[in-house]
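One-letter residues, chain by chain:
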Amino acid sequence: MASNARVHSVDFGPLTSYFADSSVEEIWVNAPDRVFVARAGRSELTPLVLTDAAVRELIERMLQGTGRRLDLSNPFVDATLPDGSRLHAVIPDIVPRHWSINIRKFVARAGTVHELANHGMLTRQAAQFLHAAVVSGLNVMVAGALSAAPRGKIVDRYGQTIPLYVMTPLYTASNILLGLFAH
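> Quick one: what's the story with the nonpolar core, residue by residue and with numbers?
Counting residues in hydrophobic clusters, the biggest one holds 26 residues, and the most contacted among them are Leu-15, Met-62 and Ile-103. Not counting residues up to four positions away in its chain, the partners in contact with Ile-103 are Leu-15, Phe-19, Glu-25, Glu-26, Ile-27, Met-62, Leu-81, Ser-85, Arg-86 and Leu-87.

> An account of the packing of aromatic side chains is requested, with residue identities and associated values reported.
Summed over all chains, the structure comprises two aromatic pairs. Between the aromatic rings of Phe-12 and Phe-19, the centroid separation amounts to 4.3 Å while the plane-to-plane angle is 35°, which identifies the pairing as tilted. Since its relative accessible area comes to 2%, Phe-12 is described here as buried.

> A description of the environment of Gly-67 should follow, citing residues and the corresponding values.
Here Gly-67 lies in the loop between helix H3 (52-63) and strand E4 (76-80). We classify Gly-67 as exposed; its relative accessible area is 79%. Sequence separation between Gly-67 and Ala-79 is 12 residues; the distance between their C-alpha atoms is 8.8 Å.

> Lay out the confidence of the model for the chain in plain terms, naming residues and giving numbers.
Parts of the prediction with low pLDDT should not have their coordinates interpreted in detail. For the chain, per-residue confidence averages 74 on the pLDDT scale, and residues scoring 70 or more make up 67% of the total. Of all helices and strands in the chain, the one with the weakest mean pLDDT is strand E9 (residues 177-181) (36), whereas strand E2 (residues 34-39) scores best (94). Across residues 1-8 the pLDDT falls below 50, and counting only partners more than four positions away or on other chains, this stretch makes 10 contacts in the model. The low-confidence segment residues 160-183, where pLDDT is below 50, has 57 contacts with residues more than four positions distant or belonging to other chains.

> Provide a residue-level description of unusual backbone geometry, including the pertinent values.
That bond from Pro-92 to Asp-93 is cis: its omega, 15°, falls within 30 degrees of zero. With respect to the helices, strands and loops of the structure, Asp-93 is situated in the loop between strand E5 (86-90) and strand E6 (100-104). Residues other than glycine seldom take positive phi values, yet Ala-40 does so here, at roughly 50°. Structurally, Ala-40 can be placed in the loop between E2 and strand E3 (42-45). Overall, Ala-40 belongs to the exposed group, its relative accessible area being 68%.

What counts, and where the lines are drawn
Residues numbered from 1 in each chain as written. Predicted model: local features only at pLDDT ≥ 70, side-chain atom pairs only at ≥ 80, totals over all residues. Heavy atoms only, no water. Core = buried A, V, L, I, M, F, W, Y, C linked by side-chain atoms within 4.5 Å. Buried < 20%, exposed > 50% of the residue type's maximum accessible area, 1.4 Å probe, protein only. Contact = heavy atoms within 4.5 Å. Phe/Tyr/Trp six-rings, centres within 6.5 Å; stacked < 30°, edge-to-face > 60°. Helix = DSSP H or I, 4+ residues; strand = E, 2+ residues; numbered from the N terminus. pLDDT = per-residue confidence, 0-100.

Written out as structure tokens, the structure reads:
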């Protein structure tokens, strides 16, 4: 997991304060004067106003060290930032006019399956069932989007304890699916 010291050591220019703000879950730039953040699942327009050049410089800075590039031959890019956040950036003609950025911050909030249930990411019954399956030594299959917090937490929590099969679907689902199977 990324530590706060590591997150704060990365300089993302005008977006750095949003990376440092633990309440911010997502950051996106639709245009230089349309910079949004999401807090508790709700989007809000920020007062930040950039220039086209600043957005380009910001993307280039974020892509340094990732081995990825954004140009006419690669008009969109996905990369993992040093703090674990996921970056998606696109340029025109993929988007109408301005270079655009979306960043899903690495937010580590739940350390156990029961905490996932407390955050509403998993039902209490599913958390209890998963815990009982682990204690009983059952194999567990976890499926969900790569960036799905519940999927990652379950893999992190139980991956070293029991045989765990991780599947990534070709589509993104809004919730994870748990399939529990005995030998």
